[in-house]
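Per-entry structural report
Read off the chains here:
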Amino acid sequence: MRTHCPYCALQCAMTLDEDGDAYRAAGDATFDVNAGELCVKGWTAAETLRHPQRLLSPLVREGGRLREASWNEALDRAAEGLRRVRERYGAAAVGVFGSGALTNEKAYALGKFARLAVGTPNFDYNGRFCMSSAAAAQVRAFGLDRGLPFPLEWIARTACLLVVGDNLFETMPPLRRYLDAQAQEGRRIVVDPRRTELARTANVHLQPAPGTDVAVANALLHVLVAEERIDRRYIGERTRGFEAVQRAVEREHPERAERRSGVPAEEIRRAARMLAEAPSSIILTGRGPEQHANGTDGASAYINLALALGLPGREHCGYGTLTGQGNGQGGREHGQKSDQLPGYRKIDDAAARAHVAQVWGVAPESLPGRGLTAYELLSAVGEQIHALVVMASNPVVSAPHASDIRRRLAGVEHLVVCDFFLSETAELAQVVLPSLQWAEETGTMTNLEGRVLLRERCVEPPPGPRSDLAILRSLCQRLGAPDVLAGDDPEEIFEELRRASAGGLADYGGITYQRLRDGERLCWPCPDPAHPGTPVLFRERFATPDGRAGFSVVEHRRLVEPPNREFPWYLTTGRIREQYLSGTQTRRVAPLRRAAPEPFVEMHPLLAAAHGVSDGEAVRLVSPRGSVVLRAKLDEGIRRDTLFVPFHWGGAQAINTLTSDALDPVSRMPAFKVCAVRMERVPTNG
Ligand code: SF4
């Protein structure tokens, strides 16, 4: 039985075999992306299918507690609460919060549910927390965003690889074969405040202070311009706006960047020359430069660098972003962002509205307009938002300033959660609707290359849970909008999605289940059934009106919350190999729990010594928003002014209790990657 991993955007192919009452996963060697490799999360993914904590029955809140209920009772309660709030406060008082884990069909159906059955503009998803800054920067420069506008195997073939703010050996371990192949003859530059496993393989490792990525990238470009190592022909023929950027980076010399970021000026020069001298280069950004109050500018600064070197559209070259969630890419293509409609159409574009409205059989003016983005939506709960539907997401753990979000969700008039485990968010709900898992239903996912994958049902689900599509259909019926989802067959919904996306930037018009079943490798745009798909974008032109890519003037900005006397250290957060995002699934998988039972705070031994802290000792981290107690993990590879904590845990261990809710003005991405904290020893008893 063949399927794809439920977790990250690599979407490794795997097989599942029955093993007594359980299933055993193995890598599928016939799928080129992972060629039989899986990371530890993939190997153990099947443990969730028959997990004893799996939700098998709907739950409703009564007398302050959740109790089991029939599907009819739970769906009636869910819909009745939505209707009540809508009648009392208007449709915009209902929020709908989706997920980058949903299939394309579910993402599409959830958008129809929100916009037609509920009628709210306030629909967004947790992908806003993941790659929205890079998406905004790509749209600004290239006219569209796709994680990688080139195939993954180009990583193996490029002469110089620059990775900014991502530890690929931990986040996407099966990429090791590409990275190892690249290292054989190529050069590597890594930009990261930590000396990660990837950074240890780099020829140059730049270690900037969190939040100073723009300063470093501008200094790299300064060196390239000053030494005339840019591709003037490409700039002249394929871009616009370079003169303004050239003027802006004139004063961004490496010594200035050194003062701001702590990266030695000579190392910046070395990295710039290494990039310029390579016959081919790829620049990849991860969440490091993106999850900031200027995260769009962080990604734009590296896109400027790629354009000045003439990389996008050239063989074995380019700029890409490392999308995290399994379907973070497809999730936004089909309208899960409050400003987008299916096919990457803009919700405030009259022609886009007319096209989607015609497919949906409604008048364009009946479609809601632009609504609140993810964090704005969550932080409006209890004020502007009085009912919330959450599907496959756990914002109580994954949102910044998490204690405030928890308080709001605990007090909201009506909260409906669809999930297969009782997540920290589901624990607060009035109604919990248990859903199927990845291997138990069919649907398409779009990986970080923009490649559409058909994940077919290969496991019989236990009695009780229902597919999200069936749940949405039942809610539509109870909200008096039965025509919004006439069926819950994934292939039928995909057929409608094809029509809705046709002519848009993310055009799926030519992709069919049959072509995918036949093994065709189809990347969007794929406008008609004879089209081979588009694995490489931008070869001839960009998706902008004039076909040129746009440079953006971006400047280093002072942090919203710089370290100060009371909170003297930078806190940055990220992922570890054994856990995944909010941990709803992976914290329940025994081998992963054993390997990574709790979060830690990584710090330099000198910083630890200054606080009298030893390895393994408990310390309290305090930010202006709260405090968390964690075990110290000493590591000489991290900057002496920076603390790193993984964010996969909830409750008292949720590091997002401390993180900043400052938002990027363009992408509305929260500044997860930097805030100011102090550290206190926790006295031991006795
Ligand atoms: Fe799953 Fe990602 Fe690990 Fe592959 S790398 S097995 S897709 S979590």
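This one's a predicted model, so the numbers in the text were calculated from it and none came from an experiment.

Side note on the overall build of the chain
Helix and strand content of the chain: 25 helices and 27 strands. On C-alpha atoms alone, the chain measures out to a radius of gyration of 24 Å, which is about the 26 Å that the 2.2 N^0.38 rule sets for 686 residues. Principal-axis analysis of the C-alpha atoms places the extent of the chain at approximately 75 × 70 × 50 Å. Counting all 686 residues of the chain, 67% fall into the buried class. When contacts within the chain are restricted to residue pairs at least 6 apart in sequence, those whose partners lie at least 24 apart make up 73%. Working note: accessible area of the chain is about 23,100 Å², and carbon and sulfur atoms make up 47% of it.

Topic: unusual backbone geometry
The peptide bond linking Trp 524 to Pro 525 adopts the cis configuration, its omega dihedral lying at -5 degrees. Mapped onto the fold, Pro 525 is located in the loop between helix H23 (513-517) and strand S21 (549-550). At Ala 35, a position not held by glycine, the phi torsion is positive, near 45 degrees. Residue classification places Ala 35 among the partly exposed positions, given a relative accessible area of 32%.

Some details on the site of the ligand
Around the ligand, the surrounding shell consists of Cys 5, Tyr 7, Cys 8, Leu 10, Gln 11, Cys 12, Leu 38, Cys 39, Lys 41, Gly 42 and Pro 174. Of the residues belonging to the shell around the ligand, the class tally is eight nonpolar, two polar and one charged.

Topic: the packing of helix H9 (residues 213-226) against helix H12 (residues 254-261)
One way to put it is that H9 packs onto H12 with a least axis distance of 9 Å and a crossing angle of 165 degrees. Comparing the axis directions of H9 and H12 gives the class roughly antiparallel. For the pair H9 and H12, the crossing hand works out as left-handed. For the pair H9 and H12, the contacting residues are Ala 215, Val 216, Ala 219, His 222 and Val 223 in the first and Pro 254, Ala 257, Arg 260 and Ser 261 in the second. A breakdown of the residues in the contact of H9 with H12 according to their chemical character gives six nonpolar, two polar and one charged.

Points about the pairing of strand S4 (residues 59-62)
As a general feature of sheets, a regular strand has side chains that alternate between the two faces. In the sheet, S4 pairs with strand S5 (residues 65-68) via four bridges, with the strands oriented antiparallel. Among the inter-strand pairings, Leu 59 is bridged to a residue of S5, identified as Glu 68. Judged from the two bridges that link them, S4 and strand S18 (residues 431-434) form a sheet pairing that is antiparallel. Bridging from a neighbouring strand, Val 60 pairs with Val 431 of S18.

Observations concerning helix H17 (residues 350-360)
Inspection of H17 places Ala 352, Arg 353, Val 356, Ala 357, Val 359 and Trp 360 among the buried residues, and these make up the whole buried set. The buried residues of H17 occupy an angular sector of 160 degrees when projected down its axis, which confines them to one face. Seen from the open side of H17, the exposed residues pointing more than 90 degrees away from its buried face are Ala 350, Ala 351 and Gln 358. Taken together, the buried residues of H17 touch helix H3 (104-118), strand S14 (340-341), strand S15 (345-346) and helix H22 (490-501). You can read the cap of H17 off the contacts: a side-chain oxygen lies 3.1 Å from the backbone nitrogen of Ala 351, and it is on Asp 349.

Comments concerning the domain arrangement of the chain
Here the chain is partitioned into domain 1 (2-48), domain 2 (59-129 + 327-491), domain 3 (141-321) and domain 4 (569-681). Of all residues in domain 1, Tyr 7, Lys 41 and Glu 47 give up the largest surface area on contact with domain 4, accounting jointly for 56% of the area buried on that side. Scanning the region where domain 1 abuts domain 4 turns up zero salt bridges. Looking at the side of domain 1 that touches domain 4, its residues break down into four nonpolar, two polar and two charged.

Describing the pairing of strand S26 (residues 642-646)
Extensive coverage of S26 is indicated by the burial of five of its five residues. Neither face of S26 is exposed, since Thr 642, Phe 644 and Pro 646 on one face and Leu 643 and Val 645 on the opposite face are all buried. Summarising the sheet, strand S22 (residues 569-574) and S26 pair through five bridges and their orientation is parallel. Directly across from Thr 572, in S26, lies its bridge partner Phe 644.

What to know about the sheet that holds S5
Spatially, the seven strands line up as an open sheet ordered S5-S4-S18-S17-S16-S6-S7, and their pairing is mixed. Every other strand in the sheet has two partners, leaving S5 and strand S7 (123-125) as the edge strands with one partner each. For this sheet the average axis-to-axis angle between neighbouring strands, irrespective of direction, equals 20 degrees.

Remarks on the nonpolar core
Phe 113, Phe 142, Leu 162, Tyr 302, Leu 305, Tyr 319 and Leu 433 are the most contacted members of the largest nonpolar core, which has 115 residues in total. Broken down by element, the residue count for this core peaks at nine residues, all from H9. Split by domain, the residues of this core number at least three in each of domain 2 (59-129 + 327-491) and domain 3 (141-321). When neighbours within four sequence positions are excluded, Tyr 319 is seen to be in contact with Ala 134, Gln 138, Phe 142, Pro 149, Phe 150, Ile 283, Thr 285, Glu 290, Ala 299, Tyr 302, Ile 303 and Ala 306.

Overview of the sheet that holds strand S3 (residues 22-27)
Ordered by their spatial adjacency, three strands build an open sheet running S1-S2-S3, and the pairing between neighbours is antiparallel. Across the chains shown, the open sheet's two edge strands, defined by having one partner strand only, are strand S1 (2-4) and S3. Ignoring strand direction, the axes of neighbouring strands in this sheet form an average angle of 45 degrees. The sheet contact formed by strand S2 (residues 13-19) and S3 spans six bridges and is antiparallel.

Re helix H13 (residues 265-277)
Relative to the 18 Å expected for 13 residues at 1.5 Å per residue, H13 spans 18 Å between its end C-alpha atoms, a close match to the ideal helical length. Of all the positions in H13, only Ala 265, Ile 268, Arg 269, Ala 271, Ala 272, Met 274 and Leu 275 are classed as buried.

With respect to the side chain of Gln 585
Relative to the helices and strands, Gln 585 is located in the loop between S22 and helix H24 (590-595). Given the relative accessible area of 18%, Gln 585 is considered buried. For Gln 585, the contacting residues outside a window of four places in its chain are Pro 6, Tyr 7, Thr 48, Phe 420 and Phe 421.

Structural notes on the side chain of Thr 323
Locating Thr 323 in the fold gives a position in the loop between strand S13 (318-321) and helix H16 (328-333). Among residues more than four places away in sequence, those in contact with Thr 323 are Ala 9, Met 131, Gly 147, Met 172, Arg 287, Gly 328, Gln 329 and Leu 448.

A closer look at the state of the cysteines
Per the stated rule, a full pass over the model turns up zero disulfides. Of all cysteine sulfurs, the one in Cys 418 lies closest to Cys 476, which takes part in no disulfide; the gap is 12 Å. Residue Cys 476 is classed as buried on the basis of its relative accessible area of 0%.

A short note on the pattern of salt bridges
Summed over the entire model, instances satisfying the criterion amount to 58 salt bridges. Its salt-bridge partner being Asp 32, residue Arg 451 comes within 2.9 Å of it at the nearest N-O pair. With Arg 451 in the loop between strand S19 (443-446) and strand S20 (452-455) and Asp 32 in the loop between S3 and helix H1 (40-43), this pair connects stretches of sequence that are 419 residues apart. Assessed through its relative accessible area of 6%, Arg 451 is described here as buried.

Calculation notes
- Residues numbered from 1 in each chain as written.
- Predicted model: local features only at pLDDT ≥ 70, side-chain atom pairs only at ≥ 80, totals over all residues.
- Heavy atoms only, no water.
- Helix = DSSP H or I, 4+ residues; strand = E, 2+ residues; numbered from the N terminus.
- Rg over C-alpha atoms; globule rule 2.2 N^0.38 Å.
- Buried < 20%, exposed > 50% of the residue type's maximum accessible area, 1.4 Å probe, protein only.
- Contact = heavy atoms within 4.5 Å.
- Areas by Shrake-Rupley, 256 points an atom, 1.4 Å probe, with all protein chains shown as cover.
- Near = heavy atom within 4 Å.
- Nonpolar A, V, L, I, M, F, W, Y, C, P; charged D, E, K, R; others polar.
- Axes fitted to C-alpha atoms, helices over the stretch in contact; angles between N-to-C directions.
- Parallel < 35°, antiparallel > 145°, perpendicular 65-115°, else oblique.
- Left-handed = near helix turned anticlockwise from the far one by under 90°.
- Pairing = 2+ DSSP bridges.
- Arc of directions from axis to C-beta.
- Polar contact = N/O pair within 3.5 Å; in protein donor to acceptor, adjacent residues only side chain to side chain.
- Domains from an automatic or database assignment.
- Buried area = accessible area lost by both parts, 1.4 Å probe.
- Salt bridge = Lys/Arg side-chain N within 4 Å of Asp/Glu carboxyl O.
- Core = buried A, V, L, I, M, F, W, Y, C linked by side-chain atoms within 4.5 Å.
- Expected span 1.5 Å × (residues − 1).
- Disulfide = S-S within 2.5 Å.

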